[in-house]
Amino acid sequence: MTVPVHREGSTRRDLLREFQDVTDRMGRLWAAAVPGGGGLVPEHPWEPANDVEETDDSYVIELDLPGLRRDQITVEVLDSELAVHGEVKEKERVGVLRQQTRRIGQFDYRMSLPADADTEHISAELTHGVLTVRVPRTRMQKAQPRRIEITG
């Protein structure tokens, strides 16, 4: 079993992700040792590694989904939320599995979209195991500061 490495300058999010990875690995170990996990290991979706970049004209979300085909991934917009989900199935093996660190099972990535997101023109492309979702930005004018008159 590999152990997460603490790096200088790690952010709080990095530490939380490492803790989640350790928790997931312990859950898989327990589920492998006790049939069905003894009812103690909940089946919950995991979130793929991702990057979110904001440019002048769009938001670019990249998700690592190696080995998946586009028909195994669903990208949806629900109200002002982007949702990407699917399932990584465990492949059949001939030999004895000695180590497994790849995640399997259902995954679910969700992101609240900013007010300037153009949800009508979102595009998604899967290339070399990386899903790239582009969310164009609308040309909204920023609200100008103004004084509000108090009545009454």
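(A) Examining the sheet that holds strand E2 (residues 58-64) more closely. One open sheet holds the four strands; their spatial order is E1-E2-E7-E6, and the pairing between them is antiparallel. Strand pairing shows two members of the sheet lacking a second neighbour, strand E1 (50-54) and strand E6 (123-127), which therefore form its edges. For this sheet, the mean inter-axis angle between neighbouring strands, taken without regard to orientation, is 15°. Examined bridge by bridge, E1 and E2 share five bridges and lie antiparallel to one another. Residue pairing for E2: Val 52 is matched across the bridge by Ile 61.

(B) Molecular detail of the packing of aromatic side chains. Going through the model one piece at a time under the given rule, you end up with one aromatic pair. Judged by centre distance (5.6 Å) and plane angle (45°), the ring pair of Trp 46 and Phe 107 falls under tilted. Within this pair, whereas Trp 46 is found in the loop between helix H1 (12-33) and E1, its partner Phe 107 is found in strand E5 (residues 105-112), the two being separated by 61 residues in sequence. Phe 107 sits in the buried class, given a relative accessible area of 1%.

(C) Region of the structure containing unusual backbone geometry. With a phi close to 55°, Asp 79 is a non-glycine residue in the positive phi region. Following the sequence through the fold, Asp 79 ends up in the loop between strand E3 (73-78) and strand E4 (81-88). Its relative accessible area of 78% is what places Asp 79 among the exposed residues. With phi around 50°, His 128 is a residue other than glycine that occupies positive phi space. With respect to the helices and strands, His 128 occurs in the loop between E6 and strand E7 (130-136). On the accessibility criterion, His 128 (83% relative accessible area) is exposed.

(D) Seen up close, the pattern of salt bridges. This model, assessed by the stated rule, comprises six salt bridges. Note that Glu 81 and Arg 110 form a salt bridge whose closest N and O atoms lie 3.0 Å from each other. Remark: Arg 110 occurs in strand E5 and Glu 81 occurs in strand E4; sequence separation between them is 29 residues. Where Glu 87 meets Lys 89, a salt bridge forms, and the shortest distance between an N and an O atom there is 3.7 Å. Each of Glu 54, Asp 116 and Arg 137 takes part in salt bridges that share partners, so that together they form one network.

So, how was this worked out
Residues numbered from 1 in each chain as written. Predicted model: local features only at pLDDT ≥ 70, side-chain atom pairs only at ≥ 80, totals over all residues. Heavy atoms only, no water. Pairing = 2+ DSSP bridges. Helix = DSSP H or I, 4+ residues; strand = E, 2+ residues; numbered from the N terminus. Axes fitted to C-alpha atoms, helices over the stretch in contact; angles between N-to-C directions. Phe/Tyr/Trp six-rings, centres within 6.5 Å; stacked < 30°, edge-to-face > 60°. Buried < 20%, exposed > 50% of the residue type's maximum accessible area, 1.4 Å probe, protein only. Salt bridge = Lys/Arg side-chain N within 4 Å of Asp/Glu carboxyl O.

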